[in-house]
Structures are given as C-alpha cells and as structure tokens.
Amino acid sequence: MKKKIVALVLVLALAASLAIGLAACNDPDNSQLVFGPEDADITFGMICLHDENSTYDANFINAARELAASKNVRVIIKTGIPESDACYNAAADLVDQGCDVIFADSFGHETYIMQAAREFPDVEFAHATGTYAHTENLSNFHNGFATIYEGRYLAGVVAGYELNEMIANGEITADQAKMGYVGAFPYAEVVSGYTSFYLGAKSVCPSVTMEVRYTGSWYDETAERSTAEALIEADCVLISQHADSSGAPTACEEANGGAGVPNVTYNVAFPGNSTYLVGSRINWTPYFEYIIDQMRAGEEIDADWTGDLSTSSVLLLEYGAGVSAEVKTAVEAVLAELEAGTRKVFDVSTFTVGGETLSTYMADVNTDANFTKDTQVIMTDDNGITYFAESYFRSAPYFDVRIDGITEINN
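The following refers to the structure shown. (Residues numbered from 1 in each chain as written. Predicted model: local features only at pLDDT ≥ 70, side-chain atom pairs only at ≥ 80, totals over all residues. Heavy atoms only, no water.)

Regarding unusual backbone geometry
The criterion, for reference: Strands here mean DSSP runs of E at least two residues long; helices mean DSSP runs of H or I at least four residues long; both are numbered from the N terminus. Relative accessibility thresholds used throughout: buried, under 20% of the residue-type maximum; exposed, over 50%; partly exposed, between the two (1.4 Å probe, protein chains only).
Located in the positive-phi region is N137, a residue other than glycine, with phi close to 55 degrees. As for its position among the elements, N137 is in the loop between helix 5 (133–136) and strand 6 (141–146). Under the relative-accessibility criterion, N137 is labelled exposed at 69%. In this model, N267 sits at a positive phi of 75 degrees, which is unusual for a non-glycine residue.

Focus: the nonpolar core
Keep this limit in mind: Grouping buried Ala, Val, Leu, Ile, Met, Phe, Trp, Tyr and Cys residues that are joined through side-chain atoms within 4.5 Å yields what is termed a nonpolar core. It only takes one pair of heavy atoms within 4.5 Å for two residues to be counted as in contact.
Core analysis: the largest hydrophobic core is formed by 92 residues, its most contacted members being F44, F103, L163, M179, W284, F288 and F388. Residue contributions to this core peak at 10 residues, all from helix 6 (residues 148–168). Once you skip the residues sitting within four places of it in the chain, M179 turns out to touch A159, L163, F197, Y198, A201, V208, T209, M210, E211, C236 and L238. One finds V34, A92, L94 and F125 within the second-largest nonpolar core, a separate group that totals 25 residues.

With respect to helix 8 (residues 221–233)
Selection criterion: The length a helix should cover is 1.5 Å for every residue beyond the first. Whenever a nitrogen or oxygen atom comes within 3.5 Å of another N or O atom, the pair is scored as a polar contact, on the condition that within protein one atom can donate a hydrogen and the other can accept it, and that pairs from neighbouring residues in sequence are kept only if both atoms are in side chains.
Over its 13 residues, helix 8 runs 18 Å from end to end, which matches the ideal 18 Å to within 8%, given 1.5 Å per residue. Taken residue by residue, helix 8 has A223, E224, T227, A228, L231 and I232 as its buried positions. On its buried face, helix 8 sits against strand 7 (178–183), strand 8 (209–214), strand 9 (238–242) and helix 9 (247–254). Near the N-terminus of helix 8, the side chain that reaches the backbone nitrogen of T222, with its oxygen 3.2 Å away, is that of D220. Of the residues flanking the end of helix 8, it is D235, one or two places downstream, whose phi is positive at about 75 degrees.

Remarks on the sheet that holds strand 1 (residues 32–35)
Strand pairing in a sheet relies on backbone hydrogen bonds, with the paired strands running either antiparallel or parallel. Selection criterion: The criterion for strand pairing is that DSSP finds at least two bridges linking the strands in question. Lines fitted to the C-alpha atoms define the axes, with helices restricted to the stretch that makes contact. Angles between their N-to-C directions range from 0 to 180 degrees.
Taking strand neighbours across the sheet as the criterion, the seven strands line up as 1-3-2-4-5-6-12 in an open arrangement whose pairing is mixed. Edge positions in the open sheet fall to strand 1 and strand 12 (304–307), since each of these has one partner strand only. Mean inter-strand twist for the sheet, computed between neighbouring axes without regard to direction, equals 20 degrees. By the bridge criterion, four bridges tie strand 5 (residues 124–128) to strand 6 in an arrangement that is parallel. The partner of F125 across the bridge, within strand 6, is F141. Sheet contacts for helix 2 (residues 55–71): strand 1, strand 2 (43–47), strand 3 (74–78), strand 4 (101–104) and strand 5; angle to strand 1, the most-contacted strand, approximately 25 degrees. Against the sheet, helix 10 (residues 285–297) engages strand 2, strand 4, strand 5, strand 6 and strand 12, with an angle of about 160 degrees to strand 4.

Some thoughts on the pairing of strand 6
Counted residue by residue, strand 6 has six buried out of six residues, so it is predominantly covered. Neither face of strand 6 is exposed, since F141, N143 and F145 on one face and H142, G144 and A146 on the opposite face are all buried. As paired elements, strand 6 and strand 12 share four bridges and run parallel to each other. From the neighbouring strand, F145 faces strand 12, where its bridge partner is T306.

Quick look at the packing of helix 8 against helix 9
Let me state the cut-off plainly: By the definition adopted for this analysis, an angle is roughly parallel if under 35 degrees, roughly antiparallel if over 145, roughly perpendicular if from 65 to 115, and oblique otherwise. Two helices crossing with the near one rotated counterclockwise from the far one by less than a right angle form a left-handed crossing, whereas a clockwise rotation gives a right-handed crossing. Each residue gets one label: Ala, Val, Leu, Ile, Met, Phe, Trp, Tyr, Cys and Pro are nonpolar, Asp, Glu, Lys and Arg are charged, and the others, such as Gly, are polar.
At a minimum axis distance of 7 Å, the contact between helix 8 and helix 9 shows a crossing angle of 40 degrees. In terms of their interaxial angle, helix 8 and helix 9 are classed as oblique. As for the relative orientation of helix 8 and helix 9, their crossing is right-handed in sense. Contacts between helix 8 and helix 9 involve E221, E224, R225, A228, E229 and I232 from the first element and G247, A248, T250, A251, C252 and E254 from the second. Looking at the contact of helix 8 with helix 9 residue by residue, the class counts come to five nonpolar, two polar and five charged.

Re the pattern of salt bridges
Put simply, the rule reads: Between Lys or Arg on one side and Asp or Glu on the other, a salt bridge is scored when a side-chain nitrogen of the former is within 4 Å of a carboxyl oxygen of the latter.
Enumeration according to the criterion identifies 13 salt bridges in this entry. D293 is paired through a salt bridge with K71; the nearest N and O atoms lie 2.9 Å apart. Taken together, the residues D293 in helix 10 and K71 in helix 2 connect sequence positions 222 residues apart. Each of K178, E211 and R213 takes part in salt bridges that share partners, so that together they form one network.

Considerations on the environment of A86
Take A86: it is sitting in helix 3 (residues 85–96). Judged by relative accessible area, A86 falls into the partly exposed class, the value being 29%. Along the backbone, A86 and Y112 are 26 residues apart, and their C-alpha atoms lie at a distance of 8.5 Å.

Taken by themselves, the reported measurements are silent on function.
Rendered as structure tokens:
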C-alpha cells in the first residue's frame, strides 16, 4: 500500500511539474509566451517592452504568431522587458534557450541588443525603429521599420472628409476644424506620424489645424485618456494618437455626455465604437518572414530594411460604420497615387515652416552622440515633386520638422 501511495505522489508531483512548465511557457505573469513546433529548424525570440495589453506590443506579438504558422518556426516571446540591462539579460536568456534570431520591439532596447549582438556573433539580432545598424557594421545586427507615415496620411484623409462633413452639416465652421493628437514623446517618429496625419487631413480640408499634447510615456492609459479629454476641452473636434492604449478612444466615446468625438486610432480598431473612423498600423509579418527566408537561404539580412505599401507592411485598419463608400473610394484613389509615386506625403508644396516653403533641410540620419544634422533630405523625384525624403536614407523616421498649422504643448 505504501508503494502505491509513493507512486501516486510521484505521479502527482510530475503532473504538477509539467503544469508549471507549461505555465512558464504561456503565462504572461511569467513574462514568456511560446508557440510553434518544438522541432522547428529556426527559433525566433522576441523582446517586448510591455505585453498584449499594449496595442503596440500586441501588434508585434500577433505578427509573431502569424510567423510561427506561416514559416513553421518556434517563437519565444519575453514581455514586460524595460529599456535597461534587463533587455540584454533577456536576450542572453533567449540565446540560452536556443534562439537563432532575436528581435526587440522598443526604441530604447537598441543599445542592449547591440551589446548582445557583439557577444553572440552566431545569433542574428534585429530591432524595430532603431537608428544604428546602417552605421555600426555589425553583420548580425539589423534594423527594420516601415513607411507608416503613408498609413497615417491615408487615415488623415478620412479625418479630413469627416471634418468637411461636420462643416457641411453646420456642426462646426471651417475655422473650428481643429484636431487633437495624443503623442507619447516629441521624437522624430511621433512628429513624422502626426505631421503626415495632419497633411492627409489638410489635403481635403484646407482650414484644418491641430494641437499635439504629449503624455511622456509610450503606454499609460490614464495619461492618454486625460490628454484626449484635455484636447477635447480645448475645442478639438477630432482626436488621433501615437500612444499604445485604448485611453484616447475611450475618452472620445464618452465625450460630450456620450455624444462622442470622432477618433482615428493606431494599431487597433474599435469598430464597436460609434466614434471610431479608421486606424493604421505597421504589419510586421512581412519583415519577420523576410528574416526567416534569408536565414534559410543562407543569405544576408539587410542591415536596414524598410517595408512599405507594396510589401503590405503598412495597413489601414477596418473602417468605422460611419465612413461612407464615397470616402473609401477617395482613399483608394490616394493610395494608388502614393503607390505610383505621383503623390508624396511630405511634398514641400503642401506645407510651410514659419511661412516659408522648405527648400533645404539637413536631418540627423547617421545618429551620433551629438545628434548631428548630417544628411540633405529634400529631394526632387522624376515627376518633378520636391519632397522631404522620409525613411529613404534609413528605415527609422527622421522627420522632426515643426510645420505651420500644428501647435505642440508639452504637458
């Protein structure tokens, strides 16, 4: 009888051990998610600043899930990894777990990923929104991004038509066509995004203005909500965002006693919200698949890779119920022009800086400690369009111009 009891205890202990092991793979409390076949020829590691509660990180995690299915790879994801030595430690742990390639999703992860790349030369490392790969000459370190400013521009076109409808219906006057924008930080990536959104709206609603306020965080639902509320209080009649929660859309849905304020999102759609118009996001699956394809073919991964509309790396989210068929058709026409190159988001004839047309601009492309302005980025294409060449000299945005019509407020 004793032997049976001991055997039963061992079986229960083994079962408990297996359960704990499975939980460690898939329980977000343990900051690790694992999926894909165990016998895959490539294991893809990912380091995320937050978890799936952040719309930004959820976008990467969903792309990694798609990668596991489309390319039959093993995926290990570490979530909640801050922009500190913890990132390097997470990378080293992923190497120990057998990862062949490791990707980090936040701007501040980059120096720690480079440190890991130097220490583990047999592992490939990639990073989103980074600025160093094209100058560091580390063969196993890579940056990737996409021309999301084109997606934001298209979303801005939708916003412009919404403003025009509000003007036509007598809800506002033309000079009351003021948008609000919830930004995280005054970095080039955010400035590029809100400016392209504004220019899209301005292309169909010439009287539009915009106020930008910053939260000082990539992901703070309370701050994003209160910032959106402050913008609405400041007479903004439409809200968009470069922040990573549902705080701003929620504020828009509940504004004006429930009547709401139209809103345009980033990374996630809210089709159930009556105020939701459209959103945009980067689709990371093409980049992840490109990395795997290059590794399997024994080919080099580009040091600096830029996805665009043609690679399906830039997507509009689904439309809200209130967006008409006519507006959708108009957006498709603009999309076709962007793809053909007959329209440029940052066409210098469409905006001014201090009342003047931008004819020259040196941008900080080859990032150094002093953020030296090192590259002339005003170009003229074969169609005779003079424009700010965003994401041309490197994938990460470097558009940091403050144009007329937009006001910034640092909270």
